[in-house]
Amino acid sequence: MTECMRRVLESKRATRRRLQALPFAEKLKLLEKLRERSLFIARSELRTRQGR
Amino acid sequence: MKATLEVINAMQKDGIIGKYATGGAVGATYYLEPSATLDIDIFVALKTPPGAPLLMRTPIYDYLTSRGHRSEKEYLVIEGWPVQFLPPGNALEEEALEQAVETEVEGTRTWVITAEHLAAIALKTGRAKDFARLLEFVEAGVLDAHKLNSILERHGLIEKWEQFEAKFLRGRP
């Protein structure tokens, strides 16, 4: 594994740990944003066209 | 989400449901990083006599729809979130509901299934997304091995766990 890749993976793990440690209420707010994003993508024109 | 939980708490206070606890992806979010989900799974003890035939989600439906919440497929949409009410389907889920942990969301009291019970339910359910969640639990290091082991033993899931371990955890430190 290259040094660059090792740094990327470590940074990713650190972000996951930070998110995991957030208070439940804050995590739920993030869930709401993730859900809005998923619904937006599901409604998008490209998705709708592919579904035809 | 807080508003959704407040409605469910009111339903509990009004005697429509007994104890409840959040499971699924939202329950897992209590222990893990948030991951996208479109709905909320609520395990719920229903206040109906044992063996009552017309199982029993009707009071929930009536209560919520009479207050302006709409139904959508198998969900009731409460304050924007589709909620699925799940009476425990087996001894594991009954125990999970019984032992759920109390917490609060900005001052609103609520209950969440324990990490070990969520892991055991995921193992028992056994879809690809359940195994993915189980791996997240393992990788996050949030499971109490002793507690998990005793749940797996009580509910006959040791063999399934060994299969999961052999398939997904082999070679891990």
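Residues numbered from 1 in each chain as written. Chains lettered and ligands numbered in written order. Predicted model: local features only at pLDDT ≥ 70, side-chain atom pairs only at ≥ 80, totals over all residues.

Visitor: So, the overall build of chain A: which residues are in play, and what are the values?
Guide: For chain A, the helix and strand inventory stands at 3 helices and 0 strands. For chain A, the N- to C-terminal ordering of α and β elements is α-α-α. The burial tally for chain A puts 8% of its 52 residues in the buried class. (Helix = DSSP H or I, 4+ residues; strand = E, 2+ residues; numbered from the N terminus. Buried ≥ 20, exposed ≤ 12 C-beta atoms within 10 Å, placed from the backbone.)

Visitor: Could you give an account of the domain arrangement of chain B, with specific residues and numbers?
Guide: All names here are of chain B. According to the domain assignment, chain B contains domain 1 (2–89 + 101–113) and domain 2 (116–169). Each of domain 1 and domain 2 was reduced to a C-alpha centroid, and the two centroids are 24 Å apart. With 6 residues of domain 1 at the contact, the number on the domain 2 side is 8 residues. In terms of residue class, the side of domain 1 that touches domain 2 is made up of 4 nonpolar, 2 polar and no charged. (Domains from an automatic or database assignment. Contact = placed C-beta atoms within 7 Å. Nonpolar A, V, L, I, M, F, W, Y, C, P; charged D, E, K, R; others polar.)

Visitor: Tell me about the confidence of the model for chain B, and please be specific about residues and values.
Guide: Mean pLDDT over chain B: 92, with 92% of residues reaching 70 or higher. The ipTM, which scores confidence in the relative placement of chains, is 0.85 for this predicted complex, and the corresponding pTM is 0.89. (pLDDT = per-residue confidence, 0-100.)

Visitor: Any chance you could break down the nonpolar core for me, citing the residues and the numbers?
Guide: Residue and element names in this part refer to chain B. In this structure, Tyr20, Ala21, Ile42, Phe43, Ala119 and Ala120 are the most contacted members of the largest nonpolar core, which totals 48 residues. For this core, the two domains that each supply at least three residues are domain 1 (2–89 + 101–113) and domain 2 (116–169). Those residues within four positions of Ala120 in sequence are excluded, and the remaining contacts are Leu92, Leu148, Ile151, Leu152, His155 and Leu157. (Core = buried A, V, L, I, M, F, W, Y, C linked by C-beta atoms within 7 Å.)

Visitor: Which residues make up unusual backbone geometry, and what values do they have?
Guide: Residues and elements named next belong to chain B. If you check the backbone angles, Lys73 has positive phi at about 50 degrees while not being a glycine. Summarising the element assignment, Lys73 is placed in the loop between strand E3 (70–72) and strand E4 (75–78). Unlike most non-glycine residues, Glu106 shows phi in positive territory, near 45 degrees. Positionally, Glu106 belongs in the loop between strand E6 (101–105) and strand E7 (108–112).

Visitor: An account of the interface of chain B and chain A is needed here, citing residue identities and associated values.
Guide: Tallying the contact residues gives 14 residues for chain B and 13 residues for chain A. Those elements that provide at least two residues to the side of chain B that touches chain A are helix H2 (24–29) and E6 of chain B. The class makeup of the residues in the side of chain B that touches chain A is 9 nonpolar, 3 polar and 2 charged.

Visitor: For the environment of Ala91 of chain B, give the residues involved together with the corresponding values.
Guide: All names here are of chain B. On the secondary structure map, Ala91 appears in helix H4 (residues 91–98). Overall, the presence of 11 C-beta atoms within 10 Å leaves Ala91 in the exposed class. As for Ala91 and Arg154, which are separated by 63 residues in sequence, their C-alpha atoms are 9.4 Å apart.

Visitor: So what's going on with the packing of helix H5 (residues 115–125) of chain B against helix H6 (residues 128–140) of chain B? Residues and values would help.
Guide: Axis angle and axis distance: for two packed helices, these are the angle between their axes and the distance between the axes, and together they describe the pair. Residue and element names in this part refer to chain B. At a minimum axis distance of 8 Å, the contact between H5 and H6 shows a crossing angle of 150 degrees. With respect to H6, the axis of H5 lies roughly antiparallel. Relative to H6, the crossing made by H5 is left-handed. For the pair formed by H5 and H6, the contact residues are Ala115, Ala119, Ala122, Leu123 and Thr125 on the first element and Asp130, Arg133, Leu134 and Phe137 on the second. (Axes fitted to C-alpha atoms, helices over the stretch in contact; angles between N-to-C directions. Parallel < 35°, antiparallel > 145°, perpendicular 65-115°, else oblique. Left-handed = near helix turned anticlockwise from the far one by under 90°.)

Visitor: How would you sum up the pairing of strand E5 (residues 81–86) of chain B? Please name residues and give values.
Guide: Residues and elements named next belong to chain B. Of the two faces of E5, only the one carrying Trp81, Val83 and Phe85 is buried; Pro82, Gln84 and Leu86 on the other face are not. Across 4 bridges, strand E2 (residues 40–46) lies against E5 in parallel orientation. For Ile42, the partnering residue across the bridge sits in E5 and is Phe85. As paired strands, E4 and E5 are joined by 3 bridges and run antiparallel to one another. In the sheet register, Val77 faces E5, and the bridge partner there is Pro82. In sequence, E4 turns back onto E5 through a hairpin of 2 residues, with Glu79 there showing a positive phi of about 50 degrees. (Pairing = 2+ DSSP bridges.)

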